[in-house]
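# Tertiary structure, described
Next come the chains, spelled out residue by residue.
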Amino acid sequence: MTTEQPRRGTLGTFAGVFTPSILTILGIILFLRLGYVVGNGGLRNALIIIGIATGVSVLTSISLAAIATNIDVKGGGDYYMISRTLGVEFGGAIGVVLFLAQSVSIAFYAVGFGEAVTAIFGLEADWAAQMIAAVAVLLLFGLAWLGADIASRFQFVVMTLLVAALISFYAGAIPGFEAGVAGDGWSRPEESLGFWVVFAIFFPAVTGFTQGVSMSGDLRDAGRSLPRGTFAAVGLSTIVYVSVAILIAGNASSSELIEDTGILNSIAVFGPLIDAGVIAATLSSAMASFLGAPRILQSLASDRVFPILNYFAKGHGKTSNPRRAVVLSLGIALATVAIGNLNAIAPVVSMFFLISYGLLNYATYYEARAASPSFRPRFRFFHRRVSLAGAIACAVAMVAVNIPAGIGAIVILAGIYQYLRRIDRPQRWADASRSFYFQRVKEGIRAMKAEAENPRSWRPQVLAFSADPRRRARLLRFGSWLEGESGLTAAVQIVVGEGALKRRERNATELALRSEIDALGLDVHGRAVLAPDAMEALPVIVQSFGLGPLRANTVLFGWPEESDEHHLAGYAQAVREIHRVGVNVVSMLSDERRWSTLEQLARNERFIDVWWQDDDSSRLALLSAYLFTRTREWSRARIRLLAPLPADADIAAETDALGSMLDAARISAEVVCLANPTIGEVATTSALASFVMVPSALRQGRFVGPFEMDTSVLLNSLPTTAVFIAGTAVDLTAGPETEESIKLRAAEEIVQVAENRLRTLQRQWERLEAEVELRIDGSGWEADDVSAAEQRLRTVGRRILKTQAKLDSARAEVETLLNSNNHEH
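Just so we're clear, the structure is a prediction, and the values are computed from it rather than from any experiment.

Criteria and thresholds
Sequence positions are assigned chain by chain, starting from 1 and proceeding in written order. Per-residue local features of the predicted model are confined to residues with pLDDT of at least 70, and side-chain atom pairs are confined, for both listing and counting, to 80 or more; whole-chain, interface and lining totals are unaffected and use all residues. The basis for the side-chain values is all heavy atoms of the structure; hydrogens and waters are excluded. Salt-bridge detection follows one rule: a side-chain nitrogen of Lys or Arg within 4 Å of a carboxyl oxygen of Asp or Glu. Here a strand is any run of E in DSSP of at least two residues, a helix any run of H or I of at least four, and the numbering for each starts at the N terminus. The cut-offs for exposure are 20% and 50% of the maximum accessible area for each residue type, with area from a 1.4 Å probe on protein chains only; residues under the lower value are buried, those over the upper are exposed, and the others partly exposed. Orientation is described by axes fitted as lines to C-alpha atoms, over the contacting stretch for helices, and by angles from 0 to 180 degrees between their N-to-C directions. Roughly parallel covers angles under 35 degrees, roughly antiparallel covers those over 145, roughly perpendicular covers 65 to 115, and oblique covers all other angles. Each crossing gets its hand from how the near helix is turned against the far one by less than a right angle, where anticlockwise is left-handed and clockwise is right-handed. The contact definition used throughout considers only heavy atoms, calling two residues in contact when any of these lie within 4.5 Å. Amino acid classes used here: Ala, Val, Leu, Ile, Met, Phe, Trp, Tyr, Cys and Pro are nonpolar; Asp, Glu, Lys and Arg are charged; the rest, including Gly, are polar. When DSSP locates at least two bridges between a pair of strands, those strands are taken to pair. Lining residues are defined by having an atom within 4 Å of a point belonging to a cavity or pocket. Those points lie on a 1 Å grid over the protein atoms alone, cavities being sets where a 1.4 Å probe fits but cannot get out and pockets being open sets with protein on both sides within 12 Å along at least five of seven lines. Grid points are joined across faces, edges and corners, and a volume is the space filled by probe spheres set on the points. Known as pLDDT, the predictor's confidence for each residue is given on a scale from 0 to 100. To estimate the expected span of a helix, subtract one from its residue number and multiply by 1.5 Å. Pairs were defined over the aromatic rings of Phe, Tyr and Trp, the Trp ring being its six-membered one, requiring ring centres within 6.5 Å. Orientation was assigned from the angle between planes: stacked under 30 degrees, edge-to-face over 60, tilted for the rest. Geometrically, a lysine NZ or arginine CZ counts as sitting over a ring once it is within 6 Å of the ring centre and also within 35 degrees of the ring normal. Throughout, nonpolar core names a set of buried Ala, Val, Leu, Ile, Met, Phe, Trp, Tyr and Cys residues whose side chains join them through atoms within 4.5 Å. Residues enter a patch when their relative accessible area is above 30% and they make no salt bridge; the linking distance is 9 Å between like charges and 5 Å between nonpolar side chains (Val, Leu, Ile, Met, Phe, Trp, Tyr). Under the convention used here, a 1.4 Å probe and the Shrake-Rupley method define accessible areas, while residue burial counts only the protein chains that appear. Counting rule applied: Lys, Arg positive; Asp, Glu negative; His and chain ends not counted. Working definition for charges: the position is that of NZ of Lys, CZ of Arg, CG of Asp or CD of Glu.

## Regarding the pattern of salt bridges
Considering all chains together, one arrives at 15 salt bridges under this definition. Note that R514 and E510 form a salt bridge whose closest N and O atoms lie 2.7 Å from each other. Pair noted here: R514 and E510 are both in helix 20 (residues 500–520), with a separation of four residues, about one helical turn. With a relative accessible area of 38%, R514 lands in the partly exposed category.

## Examining the packing of helix 1 (residues 13–25) against helix 10 (residues 222–249)
Where helix 1 contacts helix 10, the two axes come as close as 8 Å, and the packing angle between them is 30°. The pairing of helix 1 with helix 10 is recorded here as roughly parallel in orientation. With respect to the hand of their crossing, helix 1 and helix 10 are arranged in right-handed fashion. Contacts from T13, V17, F18, S21, I22 and I25 in helix 1 reach S225, L226, R228, G229, T230, A232, A233, L236, S237 and Y241 in helix 10. Split into classes, the residues belonging to the contact of helix 1 with helix 10 amount to nine nonpolar, six polar and one charged.

## Section: the side chain of Q439
Note on placement: Q439 falls in helix 18 (residues 433–449). If we ignore the near neighbours within four places in the chain, the residues touching Q439 are R369, A370 and A371.

## What about the environment of L330?
Relative to the helices and strands, L330 resides in helix 14 (residues 323–339). A C-alpha to C-alpha distance of 30 Å links L330 and P227, two positions 103 residues apart in sequence. When near neighbours in sequence (up to four residues on either side) are disregarded, L330 contacts V137, L138, F141 and F290.

## Thoughts on the sheet that holds strand 2 (residues 488–496)
On the basis of which strands lie adjacent, the open sheet formed by ten strands has the order 3-2-1-6-7-14-11-8-9-10 and mixed pairing. Taken across any chain shown, the strands that pair with only one partner, and hence form the sheet edges, are strand 3 (525–531) and strand 10 (670–675). Here the average twist between neighbouring strands, direction ignored, is 25°. Pairing analysis gives five bridges linking strand 7 (residues 584–589) to strand 14 (residues 721–725), with the strands arranged antiparallel. Pairing of V585 across the sheet is with I725, part of strand 14. Together, strand 1 (461–465), strand 2, strand 6 (554–558), strand 7, strand 11 (691–695) and strand 14 form the strand contacts of helix 19 (residues 469–483), whose direction differs from that of strand 6 by roughly 150°. Where helix 22 (residues 565–579) meets the sheet, it contacts strand 6, strand 7 and strand 14, and its direction lies at approximately 175° from that of strand 6.

## Some words on empty space enclosed by the protein
Counting across every chain of the model gives five cavities of 30 Å³ or more. Of the volumes computed, that of the largest cavity is approximately 80 Å³. Along the walls of the largest cavity sit I25, I50, A53, T54, S57, F202, V206, F209, V234, S237, T238 and Y241, which together make up its complete lining. For the lining of the largest cavity, the elements supplying multiple residues, two or more each, are helix 3 (34–68) and helix 10. For the lining of the largest cavity, the class distribution of residues is eight nonpolar, four polar and no charged. Lining the second largest cavity are W458, P460, L482, T554, V586, L620, S624, L627 and F724.

## Observations concerning the pairing of strand 14
Of all five residues in strand 14, five are buried, a share of seventy percent or more. Of the two faces of strand 14, the one holding T721, V723 and I725 and the one holding A722 and F724 are both buried throughout. In this structure, strand 11 lies alongside strand 14, joined through four bridges in parallel fashion. Residue pairing across strands places P695 opposite F724, the latter belonging to strand 14.

## Re the confidence of the model for the chain
Per-residue confidence for the chain averages 85 on the pLDDT scale, and 94% of its residues sit at or above 70. This stretch, residues 1–7, has a pLDDT under 50; its non-local contacts, to residues over four places away or in other chains, come to 18 contacts.

## Considerations on helix 19
Taking 1.5 Å of rise per residue, the 15 residues of helix 19 would be expected to cover 21 Å, and the 21 Å separating its terminal C-alpha atoms lies within 8% of that figure. Helix 19 sits mainly inside the fold: eleven of its 15 residues count as buried. All of the buried residues in helix 19 are R471, R472, R474, L475, L476, F478, G479, S480, W481, L482 and E483.

## Focus: the packing of aromatic side chains
Under the defined criterion, the tally for this structure stands at 32 aromatic pairs. Between W481 and F628 the ring centres are 5.7 Å apart and the planes differ by 65°, which places this aromatic pair in the edge-to-face class. On the criterion of sequence distance, the pair formed by W481 in helix 19 and F628 in helix 24 (residues 616–628) is long-range, its members being 147 residues apart. For W481, a relative accessible area of 6% puts it in the buried group. Look at F628 and F691: their rings are 5.1 Å apart centre to centre, the planes differ by 70°, and that puts the pair in the edge-to-face class. Taken together, the positions of F628 in helix 24 and F691 in strand 11 put the pair 63 residues apart, joining distant regions of the chain. The exposure class assigned to F691 is buried, which follows from its relative accessible area of 0%. An aromatic cluster of at least three residues, connected via ring pairs, comprises F478, W481, W595, F628, W634 and F691. Geometry around Y311 places R324 over its ring, the cationic atom sitting 4.0 Å from the centre.

## A few points about the nonpolar core
If you look at the biggest cluster of nonpolar residues, it comprises 116 residues, and the most contacted ones within it are F202 and Y241. Grouped together as the second largest cluster of nonpolar side chains are 46 residues, V586, A621, L627 and L658 included.

## Some thoughts on a positive patch on the surface
A cluster of basic residues, R757, R794, R798, R799 and K802, forms a positive patch at the surface. No other element matches helix 29 (residues 783–824), which puts four residues into the positive patch. With a relative accessible area of 44%, R798 lands in the partly exposed category.

## So, the side chain of R471
Turning to its location among the elements, R471 is positioned in helix 19. Classification of R471 as buried rests on a relative accessible area of 18%. Sequence-distant contacts of R471, defined by excluding residues within four places in its chain, comprise G558, W559, P560, E561 and M588.

Put into structure tokens, the structure is as follows:
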């Protein structure tokens, strides 16, 4: 269970979302780097760059609005929304890196503040900027310690200075704007920086638009404030950046913009206000990070994702101010300031923000793609393709800004993700994964239905019946080997009876069955079924199991422990009922002694004996032996194909024939032929086998194996053994084309030939008909000539009728085959 905050926050849209977001966006790049961007890229490229960067912001804001209006967003901002959608692995990874990124960002902005102060006052000491930055961090720490309410009041002061700086700039830039100067700076100057280099310089300006999201736990109504405040901040900041870019292009030449990073100071009516704006921008960005980082850590700790961080879950006061996390952020910020060399890790920090935006977009697409009925965002201007476009845009921006830094950030994030994926922990909330997987299964089943069935695509879909927990563990382990990591296995236990008590017993039985499967660590699905009569329910369960093309094709039983006629007769009846519906039946005999012997064998000492009688049951047994070898436990096992033959058979020829069959089936096995073996000789031959597979058939209530041997008698003298009775044809050498597809192609070829023949005859008919009319109407033609022409015409007519009949028959055959295929689908 997550640790809930004592009560809702107190901040509204303006103070909690708009203010920290707008103050971070309108930061140091606006005052010290926008002129450089316009100068190098030209006004045209600068506006395109602003447009692209704003596009990423808008797309991400749309995704944010969709999630924020679909769930009750608590503390943690981006972390909370991503973890509740993509799961704890993605959420935990992004939570850690965002906390670190924002904590380091405090130092970045503080150092920027220190450099601005030293430039304004002309301080030249190397340590001055770092010392001023450290003092600024300590002062901001005091505000963060007091809480978001106090800190937001400080931000109002900062915003006042920022507005004053912008007013001073506009007051000087608008009167001084010259269209000619702007026209000269429209295009990129020669020998200036490339487009994507300039883009990389500008893009960090927009990476702060989700600063307000981190304050989600301090908002009165996060679902209302987050989308409104974010959209407002992105919209207003875009207007500011576009207008400032246009105005400085009309007030200074490209060379001046490139050389003078303080050009806004020169254009403004009162330059010191621009200096105040720079100071305000750096302090406000640092303050926003100081408020956001601890709240991400507190939410992460409250979810108990990393036990080492649980200490930071505790908050202070009515608003649960994360003071412990604030202290940790202080330590990281001061350490970063002390290091001094921020340029090396600055690009990686920017990548962390970009990854978080990309994941936020992808999380929204993921949720919408899952098509869950619970996804009902109140924000209506949303489409999943918009979120997908946002995720792609973030990926493209990462490549454009800094590929090495992007790779480094992804590696760090992937490492944390893989760690969280591998550790064992309880599921603490429901994310969108289950809905997403359901949608994929639904689409997969639909796609499977559209494909024709082919023996090549056959996979074991095993339905295991067992009511005895002692034997069930062995049976389910055998089922996992039988599917060879390529099929599905389900365990079913029938609870016999009716009424409320039996329904409760069914529920308890299913829970116990699933717990047993979990303890075994098998990929098996458990289900308990309530039925008045087990024997009547058995074929119904088998036929109804699955959905569409996913249906049971193999039923797994444990061979009866009691060998008396009564139990064998009841077992034979159950097998007969299942076999009649075209399903394979496999029965395993293995008591504790046999199973213990099997488990003690090393993997390289195991071998499987498959008895052969050249029928579908034998082929099913051979295929199952091969599937065994695809599992880890049997990967080094050998297969022996044992073929009992009549006494007068040619052993060498039969051995060669079976070897050729194995080659065609692409199964490696040793062939051993035995002349007219007895039950005792069969038992002796397979006495040391790790596992024995015997084909069988059910005749007059008796199980008979090769050479009509009594299977029930044979099993008593064998090690762990499985008896196979195929319910359908098994083709080990099936190619891509089925018999039906070959027939269909042949019928289509007949249709094509008949159509061509018919067209040729019809043209011949028309030519002869014209010739006859000409001879009848013309002069000088003998009666015999006319008669001969009419005879040829009648001959062609008969050929047309025969060809038409053949064509109609071929078309009917094609339609029949197509309908048959559609029915199979």
